[in-house]
Amino acid sequence: DAGVTQSPTHLIKTRGQQVTLRCSPKSGHDTVSWYQQALGQGPQFIFQYYEEEERQRGNFPDRFSGHQFPNYSSELNVNALLLGDSALYLCASSFGGSAYEQYFGPGTRLTVT
Amino acid sequence: EDKVVQSPLSLVVHEGDTVTLNCSYEVTNFRSLLWYKQEKKAPTFLFMLTSSGIEKKSGRLSSILDKKELFSILNITATQTGDSAVYLCAVEFGNTGKLIFGQGTTLQVKP
């Protein structure tokens with residue numbers, strides 16, 4: 001049983017560029033949440049997708065957007081990248097929008113130069 | 001503003017020691033408190049606590065929640081070098097699945 005998978009593992013982008021990160025949830029899960037973890041900090045909630053809709057959103061600008069597909073996989077898009085967007089981006093999946101048994105993926109390390 | 005604060009931020013102990021990690025929170029619409037262990041990238045789930053005073057145990061790890069004083073502790077007894085990691089505390093906001101994390105406690109266990 002595959003757990004939560006994310007791609008790519010690492011990514012280097014230039015300021016002003018756009019990036020798309022991908023997440024496949026654990027089998028049986030229908031909810032995907034995205035978190036940004038800066039170095040030395042705890043993860044910060046970006047948003048959650050359930051039933052292909054953004055259900056919850058944290059304090060992130062509109063440059064951060066997402067999508068959930070019918071197979072429950074999800075994408076995180078970040079436009080007009082800033083140096084401060086450099087972080088580990090974690091995807092977590094669960095069932096029915098709950099935090100119970102929320103499994104995290106290995107993350108995508110984004111570096112903006 | 002909702003917040004979760006962990007202490008200490010870092011800790012160095014020797015194998016066999018017992019450690020206590022603290023987590024305090026100010027979150028409106030509290031639903032549950034979760035502990036995670038993060039070794040390299042993906043945080044792995046340890047405990048989920050919803051009721052005060054009920055200790056959860058898993059091997060050498062245990063945790064308890066005090067909803068009156070708004071804090072939780074995570075205890076690790078007979079520490080091993082494999083316990084070295086960042087321990088994250090998170091509070092679930094309402095019945096939403098949205099987690100508010102603390103900044104983490106970095107634990108280093110020396111042989």
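As the structure is a computational prediction, the values presented were derived from the model and not from experiment. (Residues numbered from 1 in each chain as written. Chains lettered and ligands numbered in written order. Predicted model: local features only at pLDDT ≥ 70, side-chain atom pairs only at ≥ 80, totals over all residues. Heavy atoms only, no water.)

Draft legend 1. Spotlight on the overall build of chain B. Counting its regular elements, chain B contains 0 helices and 11 strands. Projected onto the principal axes, the alpha-carbon positions of chain B cover approximately 40 × 30 × 20 Å. Evaluated residue by residue, chain B yields a buried proportion of 45% over its 111 residues. Across chain B, the fraction of contacts at a sequence separation of at least 24, relative to all contacts at a separation of at least 6, is 55%. Carbon and sulfur atoms make up 49% of the accessible area of chain B, which amounts to about 5,300 Å² in all. On chain B, the mean spot of the 12 positive side-chain charges and the mean spot of the 11 negative ones are 5 Å from each other. (Helix = DSSP H or I, 4+ residues; strand = E, 2+ residues; numbered from the N terminus. Buried < 20%, exposed > 50% of the residue type's maximum accessible area, 1.4 Å probe, protein only. Contact = heavy atoms within 4.5 Å. Areas by Shrake-Rupley, 256 points an atom, 1.4 Å probe, with all protein chains shown as cover. Lys, Arg positive; Asp, Glu negative; His and termini not counted. Charge placed at Lys NZ, Arg CZ, Asp CG, Glu CD.)

Draft legend 2. Summary view of the pairing of strand β11 (residues 105–110) of chain B. All names here are of chain B. The alternating pattern of β11 places Thr-105, Leu-107 and Val-109 on a buried face and Thr-106, Gln-108 and Lys-110 on a face that is not buried. Alignment of strand β9 (residues 85–93) against β11, held across 3 bridges, turns out to be antiparallel. Along β11, the bridge assignment pairs Ala-85 with Leu-107. (Pairing = 2+ DSSP bridges.)

Draft legend 3. Local environment of the sheet that holds strand β8 (residues 74–78) of chain A. Residue and element names in this part refer to chain A. Strand order across the open sheet formed by 4 strands is β1-β3-β8-β7, with antiparallel pairing between neighbours. A single partner strand is all that each edge strand has here, and the edge strands are β1 (5–7) and β7 (64–68). Shown here is a sheet whose adjacent strand axes are inclined to one another by a mean of 20 degrees, direction ignored. As judged from the 5 bridges shared by β7 and β8, these two strands associate in the antiparallel manner. Considered in β8, the bridge of Ser-65 is made with Asn-77. (Axes fitted to C-alpha atoms, helices over the stretch in contact; angles between N-to-C directions.)

Draft legend 4. Expanded view of the environment of Gly-42 of chain A. Structurally, Gly-42 of chain A can be placed in the loop between β4 (31–37) and β5 (44–50). A C-alpha to C-alpha distance of 24 Å links Gly-42 of chain A and Arg-15 of chain A, two positions 27 residues apart in sequence. In this structure Gly-42 of chain A touches Gln-36 and Gln-37 of chain A together with Leu-88, Phe-101, Gly-102 and Gln-103 of chain B, once residues within four positions along its chain are discounted.

In short, geometric facts, not functional conclusions.
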